[in-house]
Amino acid sequence: MRKILVATEKPFAPVAIKKISKIFEKEEKEYDLVLLENYTDRSQLLQAVADADALIVRSDKVDAEVFDVAPKLKIVVRAGAGYDNVDCSAATAKGVVVMNTPGQNSNAVAELAIGLAILGIREMFSGKPGSELRGRTLGLHGFGYVARNVFRIARALGMKVIVYTRYSKGAAAAIGLKVTKSLEQLYEKSDVVSIHVPARGEHIKSVSYQVMKHLKDGAVIVNTARKEVVNEPDLVKIMEEKPNIKYMSDLTPDCEKEFAEKFSGRYFFTPKKAGAQTAEANINAGVAAAEQIVAFFEKGDTSYQVNK
Ligand code: 3PG
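Residues numbered from 1 in each chain as written. Predicted model: local features only at pLDDT ≥ 70, side-chain atom pairs only at ≥ 80, totals over all residues. Heavy atoms only, no water.

Visitor: Can you help me understand the packing of aromatic side chains in this one?
Guide: Two descriptors summarise a pair of aromatic rings, namely the distance from one centre to the other and the angle between the planes of the rings. Across all of its chains, the model carries nine aromatic pairs by this definition. Between Phe 259 and Phe 263 the ring centres are 5.1 Å apart and the planes differ by 75°, which places this aromatic pair in the edge-to-face class. Exposure class is identical for Phe 259 and Phe 263. Each is buried. Clustering of aromatic rings is evident, with ring pairs tying together Tyr 247, Phe 259, Phe 263, Tyr 267 and Phe 269. A cation over a ring is seen here: Lys 237 above Tyr 209, with NZ or CZ 4.0 Å from the ring centre. (Phe/Tyr/Trp six-rings, centres within 6.5 Å; stacked < 30°, edge-to-face > 60°. Buried < 20%, exposed > 50% of the residue type's maximum accessible area, 1.4 Å probe, protein only. Lys NZ or Arg CZ within 6 Å of the ring centre and 35° of its normal.)

In structure tokens form, the structure reads like this:
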């Protein structure tokens, strides 16, 4: 009997848990699904994972300490896209496969990005006259699954959409989307910039002063990606220099206090990362994670492995 642990500080919707359970029940008692939801202390995770064969997480931190206490662990699936919370080198060193579930929660995040764009451009519904998205230019910083959904919705709203991407130029060109020559050009031409790059490699702090100085005063920056991709001191500097820029984010920055002191009415942070917090996204990502684990144990399928 293999123990499958679902460890989520921020739980899945109950309907997603039901569907995940059904997948493991189907497999004729080969699997014992254990839920550790809403845990508040890391020691609870360390205790529960000690005899687990597989682990499903969301943004939960899975570092070397977790791998050290879990000698039976074979696979970790991050039910979601960004796997910056999992120490892939530590996993590789222990021979543990790490996977994500790309695309499964992307529509939910995209809808939040558009929601934040509207909140920003409408002056936070404060009563102050705002603007409309129709006819405005949306710049997509990155062109993965979330950005592609944002593109679809933005076009329906009558926005012009441009993109800066290094790795998905073909996909953008295939749908007639203009790819800017540089990140600077994207920021210069956009009324709303929506960030969709992972917290890895060259993307870390890629939203820097050198890039943001090209923004129009009045532009709205939407960040549903990760706080690490923005250079926060540079963001503060640019918001001081351009007094009409807004920053709308699903990630609370480390410089939150400074924002509260200086930029009242020009920012919004969700209280808890909420991009993928829909029943649909939880079902999609949770079920994909469960199916990937079954395929891994039953057929040796490593299709979604990210630590190859
Ligand atoms: C992701 O990377 O898939 C999203 O940021 C969602 O993260 P969450 O599972 O912590 O909500």
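Visitor: I tried to follow helix H5 (residues 106–121) on my own but got confused; where do I start?
Guide: For H5, built from 16 residues, the straight-helix expectation of 22 Å at 1.5 Å per residue is met to within 8% by its first-to-last C-alpha distance of 23 Å. Counting buried positions along H5 gives 12 out of 16 residues, so the element sits mostly inside the fold. Ser 106, Ala 108, Val 109, Ala 110, Leu 112, Ala 113, Ile 114, Leu 116, Ala 117, Leu 119, Gly 120 and Ile 121 are the residues of H5 that are buried. Along its buried surface, H5 packs onto helix H6 (145–156), strand E9 (192–195), strand E10 (220–223), strand E11 (246–249), strand E12 (267–269) and helix H12 (279–299). Glu 123 occupies a position one or two residues after H5 and carries a positive phi of about 55°. (Helix = DSSP H or I, 4+ residues; strand = E, 2+ residues; numbered from the N terminus. Expected span 1.5 Å × (residues − 1). Contact = heavy atoms within 4.5 Å.)

Visitor: Looking at this structure, how should I read the packing of H5 against H6?
Guide: A pair of packed helices is characterised by two quantities: the angle between their axes and the separation of those axes. Between H5 and H6, the shortest axis-to-axis distance is 8 Å and the interhelical angle comes to 55°. By the angle between their directions, the pair H5 and H6 is classed as oblique. Note on packing geometry: the crossing formed by H5 with H6 is right-handed. Packed against H5, whose contacting residues are Ser 106, Asn 107, Val 109, Ala 110, Glu 111, Ala 113 and Ile 114, the element H6 presents Tyr 145, Val 146, Asn 149, Val 150, Arg 152, Ile 153 and Ala 154 at the interface. Residues that form the contact of H5 with H6 fall into these classes: nine nonpolar, three polar and two charged. (Axes fitted to C-alpha atoms, helices over the stretch in contact; angles between N-to-C directions. Parallel < 35°, antiparallel > 145°, perpendicular 65-115°, else oblique. Left-handed = near helix turned anticlockwise from the far one by under 90°. Nonpolar A, V, L, I, M, F, W, Y, C, P; charged D, E, K, R; others polar.)

Visitor: Can you walk me through the pairing of strand E6 (residues 137–141) in this structure?
Guide: On a regular strand, one side chain projects to one face of the sheet and the next to the other, so that they alternate. Counted residue by residue, E6 has five buried out of five residues, so it is predominantly covered. Of the pairings in the sheet, the one linking E6 to strand E7 (residues 160–164) comprises five bridges and is parallel in character. Bridged to Thr 137 within E7 is Lys 160. (Pairing = 2+ DSSP bridges.)

Visitor: Would you mind going over the UniProt feature "domain: D-isomer specific 2-hydroxyacid dehydrogenase NAD-binding" (unreviewed entry) in the protein chain with me for this structure?
Guide: Residues given the UniProt feature "domain: D-isomer specific 2-hydroxyacid dehydrogenase NAD-binding" (unreviewed entry) here are residues 128–250. With 32% helix and 20% strand, the stretch residues 128–250 has end C-alpha atoms that lie 23 Å from each other. (UniProt positions renumbered as here; feature names shortened; annotations may be inferred.)

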